[in-house]
Amino acid sequence: MAFKIIVCAKQVPDTNVIKINPKTGTLIREGVPSILNHDDANALEEALKIKDKYPDTHITVVSMGPPQAKDMLLECLAMGADEGVLVSDRAVGGSDTWATSNAVAAAIRKIGEFDLIFAGRQAIDGDTAQVGPQIAEKMDLPQVTYVQEFEIEKDMKSITVKRALEDGYEVIKIKTPCMLTAIKELNAPRYMTIGGIFSANEKPIHVWNANDIAIDLDTVGLEASPTNVFRSFTPAPKGKGVILEGDTEKEVAEKLLIGLKGKHVV
Amino acid sequence: MNFQLTKEQEFVRKMVREFATNEVEPIAADIDAEHRFPEENVKKMADYGLLGIPFPKEVGGTGGDQLSYAIAVEELSRVCGSTGVICSAHTSLCCWPIYAWGNDEQKEKYLSDLCSGRKLGAFGLTEPNAGTDAGGQQTRADLNGDQWVLNGAKVFITNGGYADVFIIMAMTDKKKKTRGGISAFIVEKDDPGFSIGKTEDKMGICASSTTELIFQNCTIPKDRLLGQVGDGFKVAMSTLDGGRIGIASQALGIAQGAFDVTVDYMKARKQFGKKLSQMEALQFEVANMATQIEAARLLIYQAADMKERNLPYGKYSAMAKLFAAETAMYVTTKAVQLHGGYGYTKDYPVERMMRDAKITEIYEGTSEVQKMVIAASVFGK
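Residues numbered from 1 in each chain as written. Chains lettered and ligands numbered in written order. Predicted model: local features only at pLDDT ≥ 70, side-chain atom pairs only at ≥ 80, totals over all residues.

Secondary structure summary: chain A contains seven helices and 13 strands in total. Its C-alpha atoms give chain A principal-axis dimensions of roughly 70 × 45 × 40 Å. Burial status across chain A gives 38% buried among its 266 residues. At a minimum sequence separation of 6, the contacts of chain A that also span at least 24 residues come to 70%. (Helix = DSSP H or I, 4+ residues; strand = E, 2+ residues; numbered from the N terminus. Buried ≥ 20, exposed ≤ 12 C-beta atoms within 10 Å, placed from the backbone. Contact = placed C-beta atoms within 7 Å.)

Okay, here's the thing in structure tokens:
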């Protein structure tokens, strides 16, 4: 039986070129290209690697966002995914992580059977790392976050992963179906292929509204979101560091002590 | 008139830009210095479908269009002119004539391998005494029973040392010359009597393999004739019409690459207390460069679009190549100038780009040949 993977992906502004309005503290989105979120590309790449090995694997990429997020799904199809799903509705606009995971979980339920959900750790525009784990909780699935190495058994029933910690890693064996979140150390995402680009339009992209995913409107959108942004600001840049030089360690330590004393730190 | 790229064409640019930035640019200076053919990147280009762009899926291509192909060559050449011409010579000069002139068996046998990049292609027309004067071919092909026997030599053959399949022009009737005396053949690298001669030591595109091809009683089956006996000159000229879009795109890419590097340099470099980018005299140079590049781009995209729509485009691809090649020389020379002394060193890529640019005024028809083609269409033949 074909292995079914759902990859959660988000279209985000390219933070390499983004600027922040210093007065309002909000992102300046004009003229900023939208891209496939980096960690999500790692999740998709791992799914594609499974498909390379087991070609009957079916990959559905699911996203939530404005209609133009379809472009990002097309890009995923051009990389090799089989199908795209976009949840797009004004009713889900402004959702925080809780509301977003409600909507995405509902979309996944509508997709139906799956063996694995792979998401990126976090999106570069919000950096919350919450949506993946919340989807898993709401769907009652076992989950492993921060996956840096991945191996699936031949029977496709269990997966062994390395989970990154701040000071090491855990090796965890998990049964399918389950939810994993990828970090950039997991792999190097492939490019689209030229053939993939010219075949992407032949693959289905479903655009679903709130009705289609049968979601309770009290659980999605700005109003339903428990998180509110109180204030956003650009932190003042730190001053330049000082490099102390000297011929001996003792000499440098002496200079350091003088400096610290001068600032009344010690 | 619609100057908007399709979603697919935009994706091709995005994909090839990323590929070129991550895979090609980091080794571009080294392979130039070492005169090393980048086999590892040709393999990657094959894997990503970059060696069969403008051919339908039925024959093993990607199903892409001529403009996407032009964009791909442009983006590769933006960081490495050598890599750009490897793709261009393979696609325009070997895949295309088989696609356009080959019979079903030949397409079946060769196109899928070529488009997927399992095999690399080259094209042999030029000889020591037959460059612009293509009718002066001395390579001969004689029918001997069920086999053609080729004798002679070709020079300056792009991809020569690494190609598996060669489209070769040879004289089959000396009296008729270009009027039916030349025929086209498909030669494979392991054919008996065929060998690679001298590898040229060039001024630019140093990572491209440019070699001599030698035919000493090279014997190939009768069915390797491409088109009919006597079609060779037409095969060659129609192939070069399309090849010019590839070389024009290479020239455009080289110009754009030199331009981008120069703009970045000018934003950082300070003299007399201000940045070069703030000096009006230099700004005006940059304005001219930008305008020429954009004009070249429009000529090329127009020619590619006409080819895609099966309109007569020979005049337009000649104009595109003439103008893009001159633009590449103009822009890269200015780029070196705007870098000052640094531009003349190998610490910056613009000197390589200037050396690479020059060939675009020479191969696949010199600028003078382009003018002949354009003038012939203006005045009639």
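The next point concerns the overall build of chain B. In terms of regular secondary structure, chain B is built from 10 helices and 10 strands. What you see for chain B is a C-alpha radius of gyration of 21 Å, in line with the 21 Å of a compact globule of 381 residues. The principal-axis extents of the C-alpha atoms in chain B amount to approximately 80 × 45 × 40 Å. Sequence-distant contacts in chain B: of pairs separated by 6 or more residues, those separated by 24 or more amount to 74%. (Rg over C-alpha atoms; globule rule 2.2 N^0.38 Å.)

Turning next to the interface of chain B and chain A. Interfaces are frequently sized by the accessible area removed from exposure as the parts join. Between chain B and chain A, the residue contacts involve 14 residues of the former and 11 residues of the latter. Partitioning the side of chain B that touches chain A into residue classes produces seven nonpolar, four polar and three charged. (Nonpolar A, V, L, I, M, F, W, Y, C, P; charged D, E, K, R; others polar.)

For the rest of this paragraph, the subject is helix α5 (residues 104-115) of chain B. Given 3.6 residues per turn, any residue in an α-helix points the same way as the ones three and four places further on. All names here are of chain B. With 12 residues, α5 ought to run about 16 Å at 1.5 Å a step, and its terminal C-alpha atoms sit 16 Å apart, in line with that. Where the residues of α5 are buried, they touch α4 (81-101), β1 (121-124), β4 (165-171) and β5 (182-188). Count one or two residues on from α5 and you reach Gly117, which has phi positive near 80°. (Expected span 1.5 Å × (residues − 1).)

Another point: the nonpolar core. One finds Val7(A), Leu44(A), Ala103(A), Val104(A), Phe185(B), Ile300(B) and Ala324(B) to be the most contacted residues of the largest nonpolar core, which totals 188 residues. In terms of residue count, the dominant contributor to this core is helix α6 (residues 232-268) of chain B (15 residues). Discounting residues that sit within four places of it in the chain, Val104(A) has contacts with Cys8(A), Val62(A), Met64(A), Val87(A), Val131(A) and Ile135(A). (Core = buried A, V, L, I, M, F, W, Y, C linked by C-beta atoms within 7 Å.)

Here we come to the packing of helix α8 (residues 314-339) of chain B against helix α10 (residues 367-379) of chain B. Residue and element names in this part refer to chain B. It is at 9 Å that the axes of α8 and α10 come closest, and there the two elements cross at 145°. When you trace α8 past α10, the crossing you get is left-handed. Across the interface between the two elements, Gly314, Lys315, Ala318, Met319, Lys321, Leu322, Ala325 and Glu326 from α8 touch Ser367, Gln370, Lys371, Val373, Ile374 and Ser377 from α10. (Axes fitted to C-alpha atoms, helices over the stretch in contact; angles between N-to-C directions. Left-handed = near helix turned anticlockwise from the far one by under 90°.)

Another aspect to go through is the environment of Met171(B). The residue Met171(B) is located in strand β4 in this model. Ignoring anything within four residues of it in the chain, the contact list for Met171(B) reads Gln137(B), Thr139(B), Arg140(B), Gly181(B) and Ile182(B).

What follows is about the environment of Asn144(B). For Asn144(B), the position within the fold is in strand β2 (residues 140-144). In sequence terms Asn144(B) and Lys222(B) are 78 residues apart; their C-alpha atoms lie 8.9 Å from each other.

Attention now moves to the pairing of strand β8 (residues 116-120) of chain A. Residue and element names in this part refer to chain A. Counting buried residues along β8, five of its five residues qualify, which places the element largely inside the surrounding structure. Across the two faces of β8 the burial is the same, with Leu116, Phe118 and Gly120 and Ile117 and Ala119 all buried. Here strand β1 (residues 4-8) pairs with β8 via four bridges, running parallel. If you follow Cys8 over to β8, its bridge partner there is Ala119. Sheet analysis places β8 next to strand β12 (residues 178-182), joined by five bridges and oriented parallel. Counterpart to Phe118 in the pairing with β12 is Leu180. (Pairing = 2+ DSSP bridges.)

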